[in-house]
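Each chain, letter by letter, is given below.
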Number of protein chains: 2
Amino acid sequence: MQQTRKSRQRDAILNNLRARCDHPTAMELYLSVREEIPSLSLGTLYRNLKGLCDSGKIIRLSDGGEEHYDACTAPHWHIKCDCCGRFYDLPVSPEAVRAVPIPEYDGEIRDYSLIFFGVCAHCACAADEK
Amino acid sequence: MQQTRKSRQRDAILNNLRARCDHPTAMELYLSVREEIPSLSLGTLYRNLKGLCDSGKIIRLSDGGEEHYDACTAPHWHIKCDCCGRFYDLPVSPEAVRAVPIPEYDGEIRDYSLIFFGVCAHCACAADEK
DNA sequence: AACAATAACGATAATCGTTACTGTTATTAT
DNA sequence: ATAATAACAGTAACGATTATCGTTATTGTT
């Protein structure tokens, strides 16, 4: 098993991700953490992101292209802008979370991923200006 | 704009996908369609999959790794097995679909993707046998 | 039916996000 | 302090997807 020892790199990665409200890609996070630790290797970033996901400290957001990462593990959903590709938080009440019906299934359902798609306010404005 | 002319390759791809109940990856589909058209190029497959997605004739299922494709466009959800990685249909009633709460959002929500995760019946059985 | 325009093709190279490998460094228990 | 090894930096490899390019096939027009 891994990630038993502490490391400055992993702390910096997790702290950086926790301090931001966007949902950066690995590269965006890499460039940002490099401002603090210029020697950070991309392999180290990916290795730690994987470990942090496995241990449930961060969440991976998938939609075909690059992965995005989120350090907020409280229940909330996301919207991805069809236009700019960014992920945004979509705060939902606990009641809404509970309202998602868990289907009958001849197996075991453990979790789900719910991502909305649309146009963010920023991109909608940009379109109006044309 | 593209995909204005008909093509034997695209028809074969779409028909193949419609005839199956699994949710194949591009490579799985490629190998299958090649049995009908051995000269089919992988580039042609990807180009047509993209076009078919854009025109809404098929659906792309994303979860980090390879993409999976589904020719069923009627509303239904999916479960991905944590164990074998396969996607399965999860038929849901129209009422269940309507039960998903659309959050308030300062932009425009157009669609959503809901994927459940768990263990399929097949993998659960395999685990029991150990 | 022949022709011209070009969408679509097959083959293959390039791209790019991610993972694996290798020798070195840093953490931790003894 | 020492030894064991997790974790690192640097870099090569991987794999799914996309782009390029010369050729083929479809389609509207003579």
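This text goes with the structure placed above it.
Thresholds, definitions, all that
- Residues numbered from 1 in each chain as written.
- Chains lettered and ligands numbered in written order.
- Predicted model: local features only at pLDDT ≥ 70, side-chain atom pairs only at ≥ 80, totals over all residues.
- Heavy atoms only, no water.
- Buried < 20%, exposed > 50% of the residue type's maximum accessible area, 1.4 Å probe, protein only.
- Helix = DSSP H or I, 4+ residues; strand = E, 2+ residues; numbered from the N terminus.
- Pairing = 2+ DSSP bridges.
- Salt bridge = Lys/Arg side-chain N within 4 Å of Asp/Glu carboxyl O.
- Phe/Tyr/Trp six-rings, centres within 6.5 Å; stacked < 30°, edge-to-face > 60°.
- Axes fitted to C-alpha atoms, helices over the stretch in contact; angles between N-to-C directions.
- Parallel < 35°, antiparallel > 145°, perpendicular 65-115°, else oblique.
- Left-handed = near helix turned anticlockwise from the far one by under 90°.
- Contact = heavy atoms within 4.5 Å.
- Nonpolar A, V, L, I, M, F, W, Y, C, P; charged D, E, K, R; others polar.

**Points about the pairing of strand E3 (residues 77-81) of chain B**
Residues and elements named next belong to chain B.
Line of reasoning, step 1. Taken across its five residues, E3 has five buried, putting it largely inside the fold.
Line of reasoning, step 2. In this sheet, strand E4 (residues 87-90) lies alongside E3 in antiparallel orientation, the contact comprising four bridges. Each residue of the ladder has a partner; that of His-78, found in E4, is Asp-89.
Line of reasoning, step 3. Hairpin connection between E3 and E4: a loop of five residues separates the two successive antiparallel strands, and Gly-85 in this loop has a positive phi of roughly 80 degrees.
Line of reasoning, step 4. Both E3 and strand E5 (residues 108-119) contribute to a ladder of four bridges, which runs parallel. The partner of His-78 across the bridge, within E5, is Ile-115.

**Digging into the pattern of salt bridges**
Residues and elements named next belong to chain B.
Line of reasoning, step 1. According to the stated counting rule, one finds 10 salt bridges over all chains in the structure shown.
Line of reasoning, step 2. Between Glu-67 and Arg-60 there is a salt bridge, with its nearest N and O atoms 3.6 Å apart.
Line of reasoning, step 3. Arg-60 sits in the partly exposed class, given a relative accessible area of 39%.

**Things to note about the packing of aromatic side chains**
Line of reasoning, step 1. For the structure on display, the rule yields four aromatic pairs over all chains.
Line of reasoning, step 2. Following the ring pairs from residue to residue traces out a cluster consisting of Trp-77 and Phe-116 of chain A together with Tyr-112 of chain B.

**Quick word on the packing of helix H1 (residues 8-18) of chain A against helix H3 (residues 42-54) of chain A**
Residues and elements named next belong to chain A.
Line of reasoning, step 1. For the pair H1 and H3, interaxial distance at closest approach is 10 Å and the crossing angle is 70 degrees. Looking at the two axes, H1 sits roughly perpendicular to H3. In the crossing of H1 with H3, the sense of the turn from one axis to the other is right-handed. On the side of H1, the interface is formed by Gln-9, Arg-10, Ile-13 and Leu-14, while H3 contributes Thr-44, Leu-45, Asn-48, Leu-49 and Leu-52.
Line of reasoning, step 2. Class assignment for the residues of the contact of H1 with H3 results in five nonpolar, three polar and one charged.

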